[in-house]
Structures are given as structure tokens and as C-alpha cells.
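# Close look at the chain arrangement
Spelled out from the first residue to the last, the chains are:
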Amino acid sequence: MMLRILLPAAWIAALWVMPMQKREIVTMGPAPVGPYSPAVKAGGFIYLSGTIAQDDTGTLVDDGDVPAQTRRIIERMRQILEASGSSLEQVVAVTVYLRSAGDFQAMNNAYRAFWPKDPPTRTTVIADLVLGADVEISMIAVPTGAERTVIHPESWITSPNPYSYAIRSGDTVFLSGLVPRNGRDNSVVTGDMKTQTKAVMDNAGELLAAAGMSHANIVSGRVYLPDTTDFQQMNEVYRRYFTSVPPPARATVRAGLAGPQYAVEMTFIASSAPREAIAPGQNLSAAIKAGNRLYASGVLGNTPENAGDAAAQTRETMGKIRKTLESAGYTPADVVDGLVYLTDLSLFPQMNQEYAAFFGKDFPARATVGAGLVSPGAVVEIMVTAVR
């Protein structure tokens, strides 16, 4: 498929900016397909946007060839990392979005070659992708010379797939997407949603304990459910792990998993920095402030009046995000990374228009994928991270 990407001139101009005191926007290669920057460097981390297999003109290439798309994406991200003062060896967390679960092994085989030793943590989910891409990858890395320590419980076997279960850098620990599987022998934990959720949360606990932390240190989570009718059962078990502290920020969406035997996958970030909850609730907090970072939950903007209206819901969502940021002492200019879920990617332009108006310029990094939302009538959910 040959498709040339055209962006409004104001968007392109906003990408080419000088480094700011709080964050540095890194640009190179084709212009992004929406109002986001290729990478943002801030607070000791480098956030790389969701990247698809484009050539230098912005055309999506290698259509249908998943290994070629995977290699092209990672090579492009390697260049961005090097321009940011980092490298593939300094990547701490990766999210791979695949359009088809049947492409998992093809992607995995191509991906494996880039990290022969101590690969980053990784989450792989199945979602609809912009421009009909087969693969999209986002990353978080640390600068060259920064701490990057692989965390591995002594009793666990090495993952058969090319990822580390957990990596620590400074006060932050990144966990891979965890599924109900026994870390000691890689056997699948079968059972209903409550059983599988407990297995995932217990796995997270063992990894965090190996890093000298606990569930109380979790600041952000992403939950993926193939069937959202299991949402309440998952919540019932999940909330039991946060009785001593407010629950972390979180987004939960319907997405496919790499293996049909799993009913849930969760990805977490934990921090040993002082932890402050913003508007805590039963299952999630609106945001968690940890040190100089703010991790916000996925935000919905649907009302009875705007059901199905992506532009109106995005405006409402961004207004809520602004209030959360301000209540924690942050501004939109402090946002460094975002994740947008859309129920229908034909709504991409409408969402982008409102999203661009909110930030105006100096856009954060971002990934956008198609996924199902838990709330009826909602078509967009947005999750952000900010650094002050």
C-alpha cells in the first residue's frame, strides 16, 4: 500500500522546536501522522511515540510483511534514540501493537535480533492500527550511562520470549505485560477471571519484591481484556491489592492478547519516590504523583448528549485532563507522553483536531490504537504522563 501522509502546516511547524528547560522534543524522519512528536526527552526518560513502518516521505511501506515492518520500525527508532543520546540497549519498556495475533511469531522473530541480551520489558496486544499498519511500536528509554538494571526473581525461569520481566532505572521499575502464567516453569494458570487476575497480580508482587518494592509502589497500570464483560470480576480481585494505599492510575480497554488461553494482561510502572494520589477512587486514582512525574488514568469524556461524537468527547476528555493536571500542580506543557484509544479509527481526524487545539504546539509523544472501551457510548479514552 502506498500512502503519502500530509499534515497541516501548523502541526509540522510545531514539531521543529528548540529544547525547552523541562523537556526536549526530538525530531527526525517523516512527520508523524497526527499532532505528536517523534520523541520527548524529560525527567531522565525518553518517550518514543507509537511508530509505524513509514519511509522518509511518510509513506507506509512493507504492506503485509510483518518482519520487514518490525525491522523498519525498530531501525527508525534506533535513529531517534541515538539523536536523543541513547540507544536500543538503553530501552526499558516497549509496547508492541499488532493488527493480527497470527503475526505474533513473525514479529517476535524479527524483534529478537535487536536485543540478543537483556531485552527491555515488553507488552504485546492486538489492536487496530492507523493507516492499516500491521505493527506499531512505542518505547521508553533512558539516556546512555543511566541505570538500567534487569530485575528477575531467583526462582523464575528466563522468559522464552525476547523480553525481561522487569527493569529498574533510578526510582522507577517497569514491568512487562503480565499474563496468568507461572514464572517458575512458564505454565499457564487456567481458571476464571478472578483466578487469572490473582495470578497476574501475584506475579507483579513477586517481581516488585525482587526490586525491593510492593504493590503499594505501583503508580500506573494498563489492563487489557479480550472480553469486557469480565471487567467487574477483574476489579473485584484487583482492588484487594491496594487496601493500604490508594489504587494507581489505570486504563482498561478491550484488546486481543497474543495467546487465546489468557483472559487478562496487565502492565505496570512502580516507583519508590514519594507517592501522592490525586482524586483516589475504589479501583483507580485520577492520577498518581511520584517524585516529579505525574501518571494520569485513562480519561473518558462521554455524556448522554455526545455519544459517538469523537470531537465533543475529546474536548470533554482534555478538559478533565487539564483539571487533573492543575490539581497536581502541572500544566498541559508538562505532558510528555500520551496514549489514545479509539473505538473506530475513522474518528482519528476528529480526535486529532481537538487534541491539537488543546496542546497548541510542542506536542508530547503519543501512541494511538483502536480498542474497545468499557463505558457504553464512549469512543475515545486518553491517558497521559507529565513531568515537571
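Here the structure is shown first, and the text comes after it.
Report on the accompanying structure. (Residues numbered from 1 in each chain as written. Predicted model: local features only at pLDDT ≥ 70, side-chain atom pairs only at ≥ 80, totals over all residues. Heavy atoms only, no water.)

## Description of the pattern of salt bridges
Under the definition given, this model contains 10 salt bridges. Asp202 serves as the salt-bridge partner of Lys198, at 2.7 Å between the closest nitrogen and oxygen. Of this pair, Lys198 and Asp202 both sit in helix H4 (residues 193-210), four residues apart, roughly one helical turn. Residue Lys198 is classed as partly exposed on the basis of its relative accessible area of 44%. Residue classification places Asp202 among the partly exposed positions, given a relative accessible area of 28%. Three or more residues are tied together by salt bridges with common partners; here these are Lys194, Glu236 and Arg240. (Salt bridge = Lys/Arg side-chain N within 4 Å of Asp/Glu carboxyl O. Helix = DSSP H or I, 4+ residues; strand = E, 2+ residues; numbered from the N terminus. Buried < 20%, exposed > 50% of the residue type's maximum accessible area, 1.4 Å probe, protein only.)

## Some points on the sheet that holds strand E2 (residues 39-42)
Pairing within the open sheet is mixed, and its seven strands lie in the order E1-E2-E3-E7-E4-E5-E13. Two strands lie at the open edges of the sheet, namely strand E1 (24-26) and strand E13 (256-257), each paired on one side alone. Where strand E3 (residues 45-51) and strand E7 (residues 135-141) come together, four bridges link them in antiparallel fashion. Across the sheet, Ile46 pairs through a bridge with Ala141, a residue of E7. Sitting on the sheet, helix H2 (residues 66-83) is in contact with E1, E2, E3, strand E4 (91-98) and E7, with an inclination near 30 degrees to E7. Docked against the sheet, helix H3 (residues 104-112) engages E4 and strand E5 (121-126), running at close to 155 degrees with respect to E5. (Pairing = 2+ DSSP bridges. Contact = heavy atoms within 4.5 Å. Axes fitted to C-alpha atoms, helices over the stretch in contact; angles between N-to-C directions.)

## Details of the sheet that holds strand E21 (residues 372-373)
Strand order in the open sheet made by the seven strands is E8-E9-E10-E14-E11-E12-E21, with mixed pairing throughout. The open sheet has two edge strands with one neighbour each: strand E8 (149-151) and E21. In the packing of H4 onto the sheet, the strands contacted are E8, strand E9 (166-169), strand E10 (172-175), strand E11 (218-225) and strand E14 (265-271), and the crossing angle to E14 comes to about 30 degrees. Those strands touched by helix H5 (residues 231-238) are E11, strand E12 (249-254) and E14, and its axis lies near 155 degrees from that of E12.

## Some points on the nonpolar core
Ranked by internal contacts, the top residues of the largest apolar core, which has 78 residues, are Tyr97, Ile137, Met139 and Tyr341. Listed in part, the 30 residues of the second largest apolar core include Tyr163, Tyr165, Leu178 and Met213. (Core = buried A, V, L, I, M, F, W, Y, C linked by side-chain atoms within 4.5 Å.)

## So, the packing of aromatic side chains
Going through the model one piece at a time under the given rule, you end up with nine aromatic pairs. Look at Trp156 and Tyr165: their rings are 5.0 Å apart centre to centre, the planes differ by 85 degrees, and that puts the pair in the edge-to-face class. Aromatic side chains Tyr355 and Phe359 sit 5.0 Å apart centroid to centroid with 55 degrees between the ring planes, which places their arrangement in the tilted category. Of the two residues, Tyr355 and Phe359 are both situated in helix H7 (residues 348-359); the distance of four residues between them amounts to about one turn of the helix. Like Phe359, Tyr355 is buried. An aromatic cluster is built from Phe45, Tyr47 and Phe174, whose rings are joined through pairwise contacts. Just above the ring of Tyr111 sits the side chain of Arg122; from NZ or CZ to the centre is 4.6 Å. The ring of Tyr330 has Arg388 sitting right over it, with the charged end atom 4.7 Å from the ring centre. (Phe/Tyr/Trp six-rings, centres within 6.5 Å; stacked < 30°, edge-to-face > 60°. Lys NZ or Arg CZ within 6 Å of the ring centre and 35° of its normal.)

## Remarks on the packing of helix H6 (residues 310-327) against H7
One way to put it is that H6 packs onto H7 with a least axis distance of 8 Å and a crossing angle of 30 degrees. Considering the angle they form, H6 stands roughly parallel to H7. Every pair of crossing elements has a handedness; the one defined by H6 and H7 is right-handed. Contacts between H6 and H7 pair Ala310, Ala311, Thr314, Arg315, Met318 and Arg322 from the former with Gln350, Met351, Glu354, Tyr355, Phe358 and Phe359 from the latter. Taken together, the residues of the contact of H6 with H7 sort by class into seven nonpolar, two polar and three charged. (Parallel < 35°, antiparallel > 145°, perpendicular 65-115°, else oblique. Left-handed = near helix turned anticlockwise from the far one by under 90°. Nonpolar A, V, L, I, M, F, W, Y, C, P; charged D, E, K, R; others polar.)

## Things to note about the packing of H4 against H5
Interaxial distance between H4 and H5 falls to 9 Å at its minimum, and their mutual angle equals 45 degrees. The orientation of H4 with respect to H5, classified from their angle, is oblique. Crossing handedness for the pair H4 and H5: right-handed. Counting all contacts with H4, which are made through Met193, Lys194, Thr197, Lys198 and Met201, the residues of H5 involved are Gln233, Met234, Glu236, Val237 and Tyr238. For the contact of H4 with H5, a count of residues per class yields five nonpolar, two polar and three charged.

## Some remarks on the pairing of E10
Along E10, one buried face is formed by Thr172 and Phe174 and the opposite face, lined by Val173 and Leu175, is buried too. Across four bridges, the pairing between E9 and E10 is antiparallel. Counterpart to Arg168 in the pairing with E10 is Val173. Connecting E9 to the antiparallel partner E10 that follows it, the hairpin turn spans two residues, and Gly170 within it adopts a positive phi of roughly 65 degrees. Of the pairings in the sheet, the one linking E10 to E14 comprises three bridges and is antiparallel in character. By the bridge assignment, Thr172 is partnered in E14 with Ser271.

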